[in-house]
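The lines below spell out each chain.
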Amino acid sequence: MQRREFSQHLQRSAIALALSPWFSAAAAPADKSRAWRSNPFALGVASGRPRADSVVLWTRLLFGDEDRAVGTEALRVQVEVFADAAMKRRVQTTEVVTDEARGHSVHAHVQRLQPSTDYWYRFSQGDAHSTVGHTRTAPALNADVRELRVALSSCQHYEQGQFIAHAEIAKEKLDFVLFMGDYIYESSNAQYAIRKHNGEEPKTLAQYRERYEQYKRDPMLQAAHAAHPGVLMWDDHEVVNDYANDQDRNYTDPQQLLLRRAAAYQAYFEHQPVLLGPDANIPSNMRLYDQLSWGKLADVWTLDCRQYRSAQACRDPVRGGGRMVVQCDELTDASRTMLGHAQERWLTDSLSQSKRQWKLVAQATQISSTSIPTPVGRSYWNDAWDGYPEARKRLLQTVVDAKLKNVVTLGGDVHCNVAANLRLEPNNPQSPIVASEFVTTSITSRGLGDKPAAVIRESNADLLHYRSDERGYSLITVTPSEVRCDFRTTKFPAGSEAGLKTQASYVVKNGKAGPQAV
Ligand SMILES: [Fe+2]
């Protein structure tokens, strides 16, 4: 496709979405009497983007063979919100119209809610009802909050384990789940598969939808979504492994990759409780990065490290993407970016001005260094922040320049539990510790082998904890006096029966950068 044609294609898609508001009730007939033959709510429910007065409620209708004909219609879906689990005290009822163009996904941006309040919700269409979900709003911006409890999670390769971590997350008492990406995997590795993806590697909207359908049918994943609101970010596998903006490992024509990315972004949107903001322009781009305040206790940023980044430095000319690089001058090119210039400016401004006690910077991957010495110099993993050292320095320099205390970064992607010191110059004891990092291991995805993990641990003094052998999530508890991280894990591959144990716990004390073991 020519560039002009391509851009027209994107504009048409974006305009089509922009012209069909989620709350328009004009297009679909009332159909309270519709009799469904199979449950259209088989993908479950979810809530997300909690604010003091609002939350996004999500579901997506699916059509069994007997109901296939309904799939071409626009449908009205009723959304009910209650103040109690018994669903006696109704707070709001609204209707959302959905249709084929959005995969019959439903996003209800429910507003005029009370802060720090529990709500229960369900969707109905004809004679079918969804399961009941629970959600909770954020505190008022000026509230004195004593505790924030978050499950930090990422990387859930369906084939490489059972979602037992989600079953345990569902049972936790939490304010929200912070999922930092790799929600689906596009790829397979038969060597580690304990269950199989349906279909081939997704490239089209229909294929990405099918992949999400398989993941979303998992009862343990559904339980976690039904139990807590989600604050969500994507990483690479929602599109394709190691992609960077419009580049992939195979050096696919960027225009072709952007078409694939657009299909993947649209499928992501259709399956998550995220908001399509007024400036959103899916599928050509979709702003997902966001900031959330939790009373006076914390500001939380969720950073997009894929959509706007420069390509990995010193890529292999045949097989691009992530790899270990040594003697790579490109690493020191200050024009290279992890966040893109607009997001980086937004973060710098927002972080510098934050007056809340804790500044939690959540992003998809690892900021601390995992470099290893070789006879010809240190070798760096070019897909994480080690591959963007100038961008990392700018981020940490912002912390120094604004004299920020209590900056804790939260990440995923690397399938490893990490507690680390963050210094302007990694691993240099002369360079002060300016922030603290926790990275969570994967829900299921296989981690690095024991030997390379040991070499990385021994080669990087800033890594206080670095274990890649177990799967799970991290419980982050924020109070005025500390941020605590409990790494909750089970063996690989994660089974459906195993319970999780605490692998290790670390705290960051108020006013003192650097995690401490407890
Ligand atoms: Fe991953």
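Residues numbered from 1 in each chain as written. Predicted model: local features only at pLDDT ≥ 70, side-chain atom pairs only at ≥ 80, totals over all residues. Heavy atoms only, no water.

Asker: So what about helix 3 (residues 205–216)? Which residues, and what values?
Answerer: Compared with the 16 Å implied by 1.5 Å per residue over 12 residues, the 16 Å span of helix 3 between its first and last C-alpha is a close match. All buried positions along helix 3 are accounted for by Tyr-208, Arg-209, Arg-211, Tyr-212, Glu-213, Gln-214, Tyr-215 and Lys-216. The elements touched by buried residues of helix 3 are strand 2 (55–60), helix 4 (219–227) and helix 5 (254–271). (Helix = DSSP H or I, 4+ residues; strand = E, 2+ residues; numbered from the N terminus. Expected span 1.5 Å × (residues − 1). Buried < 20%, exposed > 50% of the residue type's maximum accessible area, 1.4 Å probe, protein only. Contact = heavy atoms within 4.5 Å.)

Asker: Residue-level account of unusual backbone geometry, with values.
Answerer: That bond from Phe-492 to Pro-493 is cis: its omega, -5°, falls within 30 degrees of zero. Structurally, the position occupied by Pro-493 is in the loop between strand 23 (482–491) and strand 24 (501–509). Although it is not a glycine, Cys-155 adopts a positive phi angle of roughly 65°. Checked against the element boundaries, Cys-155 lands in the loop between strand 9 (148–153) and helix 2 (164–171).

Asker: Before we move on, can you summarise the domain arrangement of the protein chain with the specific residues and values?
Answerer: Domain annotation of the protein chain identifies domain 1 (24–136) and domain 2 (148–517). Of note, the centres of domain 1 and domain 2, computed from C-alpha atoms alone, are 30 Å apart. Summed over both sides, the interface between domain 1 and domain 2 buries roughly 2,100 Å², with carbon and sulfur atoms accounting for 55% of that surface. By the criterion of area lost to domain 2, the three top residues of domain 1 are Leu-43, Pro-50 and Arg-60, representing 22% of everything that side buries. Note that Asp-290 is salt-bridged to Arg-51, the shortest N-O span being 3.0 Å. Along the contact surface separating domain 1 from domain 2 lie 14 residue pairs in polar contact (both at pLDDT 80 or more). When contributions to the side of domain 1 that touches domain 2 are tallied by element, the ones reaching two or more residues are strand 1 (45–48), strand 2, strand 5 (105–110) and strand 8 (133–136). (Domains from an automatic or database assignment. Buried area = accessible area lost by both parts, 1.4 Å probe. Salt bridge = Lys/Arg side-chain N within 4 Å of Asp/Glu carboxyl O. Polar contact = N/O pair within 3.5 Å; in protein donor to acceptor, adjacent residues only side chain to side chain.)

Asker: Hey, could you go over the coordination of the iron ion for me, with residue numbers and the actual values?
Answerer: Around the iron ion, the protein contributes the donor atoms Cys-155 (SG), Asp-182 (OD), Tyr-185 (OH) and His-415 (NE2), at 2.0 to 2.6 Å from the metal centre. Written as a sequence motif, the donor residues of the iron ion are C-x26-D-x2-Y-x229-H. One end of the pair, Cys-155, is in the loop between strand 9 and helix 2; the other, Tyr-185, is in the loop between strand 10 (176–179) and helix 3, with 30 residues separating them in the sequence. Residue class for Tyr-185 comes out buried when judged on its relative accessible area of 4%. (Donors = N, O, S within 2.8 Å, 3.2 Å for Na, K, Ca; no water.)

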